[in-house]
Amino acid sequence: MPDVFDELHRRWRGGEPVALATVVATRRSAPQPSGAAMLVAADGTVTGSVSGGCVEADLYERARAVLDTGTPELVRYAVSDDDAYAVGLTCGGELDVFLERVDPAGFPELGAVAAARRAGRPVAVVTCVAADAGDPPALAEPVDPAGRLGRRLVLTEDGTSGTLGGERLDAAAAADALGLLAAGRGAVLRYGYDGQRRGSGLSLFVATYATPPRMIVFGAIDFAAAVARIGAFLGYRVTVCDARPVFATARRFPEADEVVVDWPHRYLRAELEAGRVDARTAVCVLTHDPKFDVPVLALALRHPLAFVGAMGSRRTHDERRKQLREAGVSVAQLDRLAAPIGLDLGGRTPEETAVSVAAQIVAGRWGGTGRPLAELAGPIHRPE
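Values in this document were obtained by computation on a predicted structure and should not be read as measured data.

Caption draft 1: Geometry of the sheet that holds strand β10 (residues 202-209). One open sheet holds the five strands; their spatial order is β8-β7-β6-β10-β9, and the pairing between them is antiparallel. Each of the sheet's edge strands pairs with one partner strand only, and the pair in question is β8 (159-163) and β9 (187-191). On average, each strand axis in the sheet is inclined to that of its neighbour by 20°, with strand direction left out of account. Relative to β10, β9 runs antiparallel, the two being bridged by five bridges.

Here it is as structure tokens:
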């Protein structure tokens, strides 16, 4: 939903109902990940995409119907189905898409979700996307499976709001959603009607909104400007840090969220101690100077960061490895260092180098090989 959230909130503030289609589960070579969304407004305007064009035409018609009736619907598109071929899902994957009508009366908590996102505070939205009618447990009150569809529970730092239909269910879902929020990912969870973790009854989709991952670029050089630019494009919150104030200026790095004048290792230590660096953080050391490189790399490699890379020639890297070993960095920690940084694309300009750095970060994040897809077999899109 991040791609369409601002438009969703804008229309919600105006009191305008919209239909929201959200990918809640994927299997095999699905073209979009869970959380991808498409919004259809009453005026026919479409924002976002759930499949890159494969199923949007069919979803548009379904969304218009949901907008009129207000009745939620869970739709599965699978390549093995005739309907999937009819609507164009030929990539080999499967999508479960939940369609719902969103308006201020039905989703009063959306304002709190938007406020948390603006403030950079983590927030999770748990929505009931499926309810089995068969064999509900004996509860104090009769169960209406259809009545559970579309119910929501919202979790922010201030607590919870909304309900999924029962206190025990709310408590169980909140506990599990907090774990997913800490990990920065969404998932479908399954419970009994009274919160039993038994895998049947209710299917709840947890959408999480955490703060953006960080990219810290050390070294205020021309290559750093290009890396900062592509880091921002990939959705990172980008910091450029250099101890030399004449080079570390906001004017030279307009795409960076912040430019810091400090010694790299001192800045990174402070950010680690403050808890502002986590396992999603990418660190790119581009300074080409051992007095800057070695201390900050020795610190970064001792922490479980997503990516640590350093620029330099192979001879520079060999000398750097020797100095890092003398600084107490273990062989296992050194093996995590991507140096020379980037994939072999043959690029020469700062922009081309930035593309190779970004490609290596993306490949590491999703387990890619960096090889041409034409040389590989099997699914193009890896499972989440």
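Caption draft 2: Representation of unusual backbone geometry. The amide bond that connects Ala 339 to the next residue, Pro 340, takes the cis arrangement and shows omega of -5°. Take Pro 340: it is sitting in the loop between β16 (337-338) and α12 (350-366). Of note in this structure, His 288 is not a glycine but carries a positive phi near 60°. Looking at where His 288 falls in the secondary structure, it is placed in the loop between β14 (282-285) and α9 (290-300).

Caption draft 3: Representation of the packing of aromatic side chains in the model. As enumerated under the stated definition, the model contains two aromatic pairs in all. Ring centres of Trp 263 and Phe 292 lie 4.9 Å apart, and the angle between their planes is 45°; this geometry places the pair in the tilted category. Residue Trp 263 is located in the loop between β13 (258-261) and α8 (264-273), and its partner Phe 292 is located in helix α9; the two are separated by 29 residues in the primary sequence. Directly above the aromatic system of Phe 5 lies the positively charged group of Arg 117, at a separation of 4.2 Å from the ring centroid. Sitting over the ring of Phe 107, Arg 152 keeps its end group 4.0 Å from the ring centre.

Caption draft 4: Molecular detail of the pattern of salt bridges. The final tally for this structure, using the stated rule, is 21 salt bridges. As a salt-bridge pair, Glu 351 and Arg 229 come within 3.1 Å of each other at their nearest N and O atoms. Separated by 122 residues along the polypeptide, Glu 351 in helix α12 and Arg 229 in helix α7 (residues 222-233) bring together distant segments of the chain. Taking the shortest distance from any N to any O, the salt bridge between Glu 375 and Arg 371 comes out at 3.6 Å. By relative accessible area, which is 45% here, Arg 371 ends up partly exposed. Each of Glu 7, Arg 10, Arg 11, Glu 16 and Asp 43 takes part in salt bridges that share partners, so that together they form one network.

Caption draft 5: Inspection of the packing of α9 against helix α10 (residues 314-326) at higher detail. In the contact formed by α9 and α10, the axes pass within 10 Å of each other and the chain directions differ by 55°. Accordingly, the angle class assigned to the pair α9 and α10 is oblique. The hand of the α9/α10 crossing is right-handed. Packed against α9, whose contacting residues are Pro 290, Asp 293, Val 294, Leu 297 and Ala 298, the element α10 presents Arg 320, Gln 323 and Leu 324 at the interface. Residue classes in the contact of α9 with α10 are distributed as five nonpolar, one polar and two charged.

The rules we used
Residues numbered from 1 in each chain as written. Predicted model: local features only at pLDDT ≥ 70, side-chain atom pairs only at ≥ 80, totals over all residues. Heavy atoms only, no water. Pairing = 2+ DSSP bridges. Helix = DSSP H or I, 4+ residues; strand = E, 2+ residues; numbered from the N terminus. Axes fitted to C-alpha atoms, helices over the stretch in contact; angles between N-to-C directions. Phe/Tyr/Trp six-rings, centres within 6.5 Å; stacked < 30°, edge-to-face > 60°. Lys NZ or Arg CZ within 6 Å of the ring centre and 35° of its normal. Salt bridge = Lys/Arg side-chain N within 4 Å of Asp/Glu carboxyl O. Buried < 20%, exposed > 50% of the residue type's maximum accessible area, 1.4 Å probe, protein only. Parallel < 35°, antiparallel > 145°, perpendicular 65-115°, else oblique. Left-handed = near helix turned anticlockwise from the far one by under 90°. Contact = heavy atoms within 4.5 Å. Nonpolar A, V, L, I, M, F, W, Y, C, P; charged D, E, K, R; others polar.

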